[in-house]
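The residues making up each chain are set out below.
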Amino acid sequence: MFDDLQGKRVLVTGSTAGIGLDVARSLVKAGARVVLHGSRHADEAEALLAELSAPEQVSYLQADVRDTQQCEVLVNQAVERMGGLDVLINNAGGLGGRQGLEGIDDDFFDNVIDLNIRSVVMVTRFAIPHLRASAKHSQQTSSVITTGSIAGREGGGMGACLYGGSKAMVHNLHRNWVKEFTKDNIRFNTVAPGTIDTAFHEDKSDDLKKTIAGSIAMGRFGQCHEMAPTYLYLASHAASGYITGQVIDVNGGQMCP
Ligand code: NAD
């Protein structure tokens, strides 16, 4: 499946763990060239690269994507390593802690917004010229896929108003970029996970996890390997070349928008 991903040049932000790592792994299996990214030092990612066992296909870059300058360096280095960019996957993000509205100070605000919004806006901004060039050269669409969230649909859990709001903004940013960049043959889609079993939920007790699982039609958390195929589908021009501006919910029926 997704044969046209063979040789595609893909940057996956936030791919040292969780959903992003599984997406990167699946892309490598599909024959893509992948730059993995995370906040960990390159030495710590060595084991990860070895595990992917495709040294010619993968490399790793460290950057804190809350910082605009680091976003620019990340994109430029990824392009340098792969000789261009066909697909950008903005997956880095996170809760950034929980805080009720009355407890939100400037530091908390900046951290959540920088992590989930600045990162997506700036990495995409610096990637656009390369994605445009890729589409022009290949005469096929290039693709931006960003990880949104069910929280962007329903507001997020207690103490996560900024996280939920930031993910709603991610969903909407893409709708705008469709208007600006479809002429350049760049597609923009969002994957909105429900509750997926990753470190994201490590602050929750087992009882709370059970309660949440009970609120999901399928009665369980999703697994990372159940997320990755949707990203590959949206990355593949052959599979999804006419799909842009969509939010694809992968949530076991937790919410049916
Ligand atoms: P995770 O914690 O396992 O992975 C997060 C990844 O982002 C890691 O690779 C980490 O290195 C990277 N990252 C975090 N902060 C960073 C920073 N400042 N700079 C660079 N990299 C940074 O979590 P996950 O659950 O796999 O989350 C991946 C994405 O999915 C996030 O955008 C998250 O908001 C979203 N999401 C997760 C769930 C869920 O239930 N797990 C639900 C909805 C959305």
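None of the values given here were measured: they were computed from a predicted structure.

1. Regarding the overall build of the protein
Within the protein, the secondary structure is distributed over nine helices and seven strands. At 17 Å, the protein has a C-alpha radius of gyration in line with the 18 Å of a compact globule built from 257 residues. If one aligns the C-alpha atoms of the protein with their principal axes, the spans along those axes are about 50 × 40 × 35 Å. Out of the 257 residues in the protein, the part that is buried amounts to 52%. About 12,000 Å² of surface is accessible on the protein, with carbon and sulfur atoms providing 51% of the total. The distance from the centre of the 23 positive side-chain charges to the centre of the 29 negative ones in the protein is 7 Å.

2. Let's talk about the layout of surface pockets
If a probe as big as a water molecule is rolled over the atoms, it shows which places are left empty. The computed volume of the largest pocket comes to approximately 1,300 Å³. Taken together, 49 residues form the lining of the largest pocket, with Gly 93, Gly 94, Leu 95, Thr 198 and Phe 200 sitting closest to its centre. Elements with a minimum of two residues in the lining of the largest pocket: α1 (18-29), β2 (33-38), α5 (151-154), α6 (161-181) and α7 (206-214). Of all the elements, α1 adds the most residues to the lining of the largest pocket, at three residues. Of the residues that constitute the lining of the largest pocket, the class distribution is 18 nonpolar, 21 polar and ten charged.

3. Focus: the site of the ligand
The environment of the ligand is formed by 30 residues, the closest being Thr 16, Tyr 163, Ile 196, Thr 198 and His 201. One of the side-chain nitrogen or oxygen atoms of Asp 64 is found 3.0 Å away from a nitrogen atom of the ligand. Within the contact set of the ligand, an oxygen atom lies 3.3 Å away from a backbone nitrogen or oxygen of Gly 194. Its free accessible area being 830 Å², the ligand has 90% of it covered by the protein chains. Placement of the ligand is best described as lying within the largest pocket. The set of elements that each furnish at least two residues to the shell around the ligand consists of α1, β2 and α6. Considering only residue class, the shell around the ligand consists of ten nonpolar, 17 polar and three charged.

4. Side note on helix α2 (residues 42-52)
Looking only at α2, the buried set comprises Ala 45, Leu 48 and Leu 52. All buried residues of α2 fall inside an arc of 55° around its axis, so they share one side. Turned more than 90 degrees off the buried face of α2, the exposed positions are Asp 43, Glu 46, Ala 47 and Ala 50. Positive backbone phi, approximately 45°, marks Ser 53, located one or two places after α2.

5. Concerning empty space enclosed by the protein
A full pass over the atoms with the stated rule returns one cavity of 30 Å³ or more. Estimates place the volume of the largest cavity at around 30 Å³. Along its surface, the largest cavity is lined by Lys 8, Asp 86, Val 87, Thr 141, Ser 142, Ala 235 and His 237. Taken together, the residues that form the lining of the largest cavity break down as two nonpolar, three polar and two charged.

6. Things to note about the packing of helix α3 (residues 68-82) against helix α4 (residues 106-138)
Each pair of packed helices can be summarised by the angle the axes make with each other and by the distance between the axes. The interhelical angle for the contact between α3 and α4, taken along N-to-C directions, is 35°, at an axis separation of 9 Å. As α3 packs across α4, the resulting crossing turns out to be right-handed. Only Arg 118, Ser 119, Met 122, Val 123, Phe 126, Ala 127 and His 130 of α4 make contact with α3, whose side of the interface consists of Thr 68, Cys 71, Glu 72, Leu 74, Val 75, Asn 76 and Val 79. Of the residues contributing to the contact of α3 with α4, the split by class is eight nonpolar, four polar and two charged.

7. Regarding a negative patch on the surface
Among the surface-exposed residues, Asp 105, Asp 106, Asp 107 and Asp 110 lie close enough to one another that they form a single negatively charged patch. Residue position: Asp 110 is located in helix α4. With relative accessibility at 38%, the residue Asp 110 sits in the partly exposed group.

The rules we used
Residues numbered from 1 in each chain as written. Predicted model: local features only at pLDDT ≥ 70, side-chain atom pairs only at ≥ 80, totals over all residues. Heavy atoms only, no water. Helix = DSSP H or I, 4+ residues; strand = E, 2+ residues; numbered from the N terminus. Rg over C-alpha atoms; globule rule 2.2 N^0.38 Å. Buried < 20%, exposed > 50% of the residue type's maximum accessible area, 1.4 Å probe, protein only. Areas by Shrake-Rupley, 256 points an atom, 1.4 Å probe, with all protein chains shown as cover. Lys, Arg positive; Asp, Glu negative; His and termini not counted. Charge placed at Lys NZ, Arg CZ, Asp CG, Glu CD. 1 Å grid on protein atoms, 1.4 Å probe; cavity = no way out; pocket = protein on both sides within 12 Å on 5 of 7 lines; lining within 4 Å. Points joined across faces, edges and corners; volume = space filled by probe spheres on them. Nonpolar A, V, L, I, M, F, W, Y, C, P; charged D, E, K, R; others polar. Near = heavy atom within 4 Å. Polar contact = N/O pair within 3.5 Å; in protein donor to acceptor, adjacent residues only side chain to side chain. Sits in = over half its atoms within 2 Å of the grid points. Arc of directions from axis to C-beta. Axes fitted to C-alpha atoms, helices over the stretch in contact; angles between N-to-C directions. Left-handed = near helix turned anticlockwise from the far one by under 90°. Contact = heavy atoms within 4.5 Å. Patch = residues over 30% accessible without salt bridge, like charges linked within 9 Å, V, L, I, M, F, W, Y side chains within 5 Å. Salt bridge = Lys/Arg side-chain N within 4 Å of Asp/Glu carboxyl O.

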